[in-house]
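Architecture and fold: a report
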Amino acid sequence: MVGALCGCWFRLGGARPLIPFGPTVVQTSMSRSQVALLGLGLLLIFLLYVGLPGPPEQNSWLWGDPNVTVLAGLTPGNSPIFYREVLPQGSSGGTRVEVVLLHGKAFNSHTWEQLGTLQLLSQRGYRAVALDLPGAAVAFFEERARQLGLGCQKVEVAPGYVVTVLTWPGTNPALPSILLNSHTDVVPVFKEHWSHDPFEAFKDSEGYIYARGAQDMKCVSIQYLEAVRRLKVEGHRFPRTIHMTFVPDEEVGGHQGMELFVQRPEFQALRAGFALDEGIANPTDAFTVFYSERSPWWVRVTSTGRPGHGSLFIEDTAAEKLHKVVSSILAFREKEWQRLQSNPHLKEGAVTSVNLTKLEGGVAYNVVPATMSASFDFRVAPDVDFKAFEEQLQSWCQAAGEGVTLEFAQKWMHPQVTPTDDSNPWWAAFSRVCKDMNLSLEPEIMPAATDSRFIRAVGVPALGFSPLNRTPVLLHDHDERLHEAVFLRGVDIYTRLLPALASVPALPSDS
Ligand SMILES: [Zn+2]
């Protein structure tokens with residue numbers, strides 16, 4: 001459907017450039033046939049063309065009506081698409097057409113809001129949706145590469161999933177490089193719980209910037225770019241090449257992004273010697289730095305037993321056996337929780353956590369089901385003996401009785417630890433800069449999983465570091481925000497870190 005009516009142009013203002021209005025899709029809410037749809041589409045575009053005269057010069061929000069609510073969100077599914085939507089105002093009933101607005105490369109869905117097009121369509125009784133098709137982030141980084149004079153490579157690791165690599169070559173290409181990784185995707189928002197539009201990057205009077213991704217981790221992407229820009233402007237060159245990788249799907253596991261990328265020849269060709277990736281905000285004066293991660297194990301336990309009538313004392317039911325497994329696992333959870341509570345030196349990432357996240361089974365109140373299942377989210381600490389731990393899980397199932405099995409939906413088996421002492425020259429360079437800048441570091445094991453695990457698993461030491469101190473942890477939360485002073489200080493920090501890391505002398509492992 002998209003592309004059926006392409007190449008339409010929509011004049012927006014006398015001397016202003018033309019903004020591409022197509023490809024455009026117009027559809028009825030009571031779809032009858034392709035032909036009728038096409039006809040309606042053509043009619044609507046004609047109506048829009050004659051009905052929406054260009055605004056006066058310089059006025060880009062002539063129709064912006066504060067009474068029209070513009071909703072924003074992500075479509076569900078594996079490849080979410082960001083959209084802004086208005087609903088028809090004062091609908092007079094009857095069949096109304098719906099309008100989908102796309103845009104050219106230099107614009108985004110917000111442009112349609114700023115111009116007032118969305119609001120006007122709403123006022124005239126149309127439901128309208130402005131879409132940001134995937135690729136806008138890639139285009140953004142391509143443009144930055146052009147501006148900064150950096151190499152730019154796009155690697156489509158899976159259909160529609162592009163890793164963008166920006167490269168600043170070092171003076172000694174024989175040396176392994178520095179990899180600065182960040183992800184371009186974000187988690188969804190519940191806009192009604194936000195104080196400001198989560199996609200506006202609104203800065204309040206105190207200097208807090210509200211935006212989805214303000215902490216996780218669009219701030220870091222921009223800090224990398226800005227630090228590189230400053231260093232280039234000042235005329236610096238460093239022995240080691242610096243690569244910035246921008247990956248598309250960290251928030252949904254990285255399986256169509258970094259996990260595939262590290263297996264490709266394009267990744268090998270980067271010859272990464274050390275990587276920085278995301279960390280987390282720290283509410284105190286200190287900065288958190290992650291040197292390892294817990295391994296996600298998603299386990300589904302399925303219990304089978306005798307079915308029958310709900311009024312009888314049936315023996316050997318699925319529920320009784322599942323109950324035993326759940327009890328064993330929750331007892332283990334309590335033990336780990338107590339271990340964490342009783343030792344002030346232990347951080348959350350150092351113990352194994354587990355949560356019961358799903359219970360399934362049964363069809364009716366009076367039918368004893370033959371099958372029930374429970375799903376668990378384990379995060380296994382890196383010092384655990386993985387083989388012994390899996391045997392423990394199996395033995396809990398066996399102890400519950402016949403017909404209890406487990407399967408893994410996710411089972412990460414490559415825990416790696418990047419040393420945080422001076423035996424690791426990368427840590428030595430990193431921590432020396434932090435010391436010189438009076439930054440106190442809190443090295444920890446990341447409790448959740450990030451793309452760093454894929455980088456470490458192919459033998460590249462990596463630190464998870466987002467330079468956000470004195471900042472409440474609001475990633476994935478409502479009102480995710482970052483103070484501009486913290487953001488700008490982060491640029492200063494990378495401006496010091498990059499020269500030190502990219503100047504680490506040749507190491508024995510480099511040859
Ligand atoms: Zn993140």
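Here the structure is shown first, and the text comes after it.
Quantities reported herein were computed from a predicted structural model and do not represent experimental measurements.

Among the structural elements, alanine 286 can be located in the loop between strand 14 (272–277) and strand 15 (287–293). Residue classification places alanine 286 among the partly exposed residues on the basis of 13 C-beta atoms within 10 Å. Along the primary structure alanine 286 and leucine 441 are separated by 155 residues, whereas in three dimensions their C-alpha atoms are 5.7 Å apart. Residues in contact with alanine 286, not counting those within four places in the same chain, are Ser440, Leu441, Glu442 and Asn469.

The next point concerns unusual backbone geometry. The amide bond that connects aspartate 216 to the next residue, methionine 217, takes the cis arrangement and shows omega of -15 degrees. Turning to its location among the elements, methionine 217 is positioned in the loop between strand 12 (208–210) and helix 5 (218–233). Although it is not a glycine, alanine 201 sits at a positive phi angle of roughly 55 degrees. Its place among the elements puts alanine 201 in the loop between strand 10 (177–183) and strand 11 (202–203). At asparagine 438, a position not held by glycine, the phi torsion is positive, near 60 degrees. Structurally, the position occupied by asparagine 438 is in the loop between helix 10 (425–436) and strand 22 (441–446). Look at asparagine 438 and you get exposed, because 7 C-beta atoms sit within 10 Å.

Strand pairing in a sheet is mediated by backbone hydrogen bonds. Such pairs are either parallel or antiparallel. Strands sit in the order 18-20-16-21 across an open sheet of 4 strands; the sheet is antiparallel. Of all the strands in the sheet, just strand 18 (353–361) and strand 21 (404–411) have a single pairing partner and so form its edges. Neighbour-to-neighbour, the strand axes of the sheet open up by a mean angle of 20 degrees, direction not taken into account. Bridge count between strand 16 (residues 295–304) and strand 21: 7 bridges; the pairing is antiparallel. By the bridge assignment for strand 21, serine 303 is matched with valine 404. Across the sheet, helix 8 (residues 318–342) is in contact with strand 16, strand 18, strand 20 (371–380) and strand 21; its angle to strand 20 comes to roughly 15 degrees. Sheet strands in contact with helix 9 (residues 386–400) are strand 16, strand 20 and strand 21, and its direction is about 145 degrees off that of strand 21.

This paragraph deals with helix 8. The end-to-end C-alpha distance of helix 8, which contains 25 residues, comes to 36 Å, matching closely the 36 Å that a straight helix rising 1.5 Å per residue would cover. Taken as a whole, helix 8 has its buried residues at Ala318, Lys321, Leu322, Val325 and Ile329. In this fold, the buried residues of helix 8 make contact with strand 16, strand 18, strand 20, helix 9 and strand 21.

The next subject is the environment of serine 466. Mapped onto the elements of the fold, serine 466 is located in the loop between strand 23 (462–465) and strand 24 (481–483). For serine 466, a count of 27 C-beta atoms within 10 Å corresponds to the buried category. Separated by 249 residues in the primary sequence, serine 466 and methionine 217 have C-alpha atoms spaced 7.9 Å apart. Excluding its chain neighbours within four sequence positions, the residues that come into contact with serine 466 are Met217, Val220, Glu278, Gly279, Ile280 and Ala281.

Okay, helix 5 next. Compared with an ideal rise of 1.5 Å per residue, which puts 16 residues at 22 Å, helix 5 spans 22 Å between its outermost C-alpha atoms and is within 8% of the ideal. For helix 5, the full list of buried residues reads Cys219, Val220, Ser221, Gln223, Tyr224, Leu225, Ala227, Val228 and Leu231. The inward-facing, buried residues of helix 5 contact helix 4 (136–148), strand 9 (161–168), strand 10, strand 13 (242–247), strand 24 and helix 12 (484–502). Taken from the residues just after helix 5, glycine 235 is the one with a positive phi, measuring 85 degrees.

Rules of the game
Residues numbered from 1 in each chain as written. Predicted model: local features only at pLDDT ≥ 70, side-chain atom pairs only at ≥ 80, totals over all residues. Helix = DSSP H or I, 4+ residues; strand = E, 2+ residues; numbered from the N terminus. Buried ≥ 20, exposed ≤ 12 C-beta atoms within 10 Å, placed from the backbone. Contact = placed C-beta atoms within 7 Å. Pairing = 2+ DSSP bridges. Axes fitted to C-alpha atoms, helices over the stretch in contact; angles between N-to-C directions. Expected span 1.5 Å × (residues − 1).

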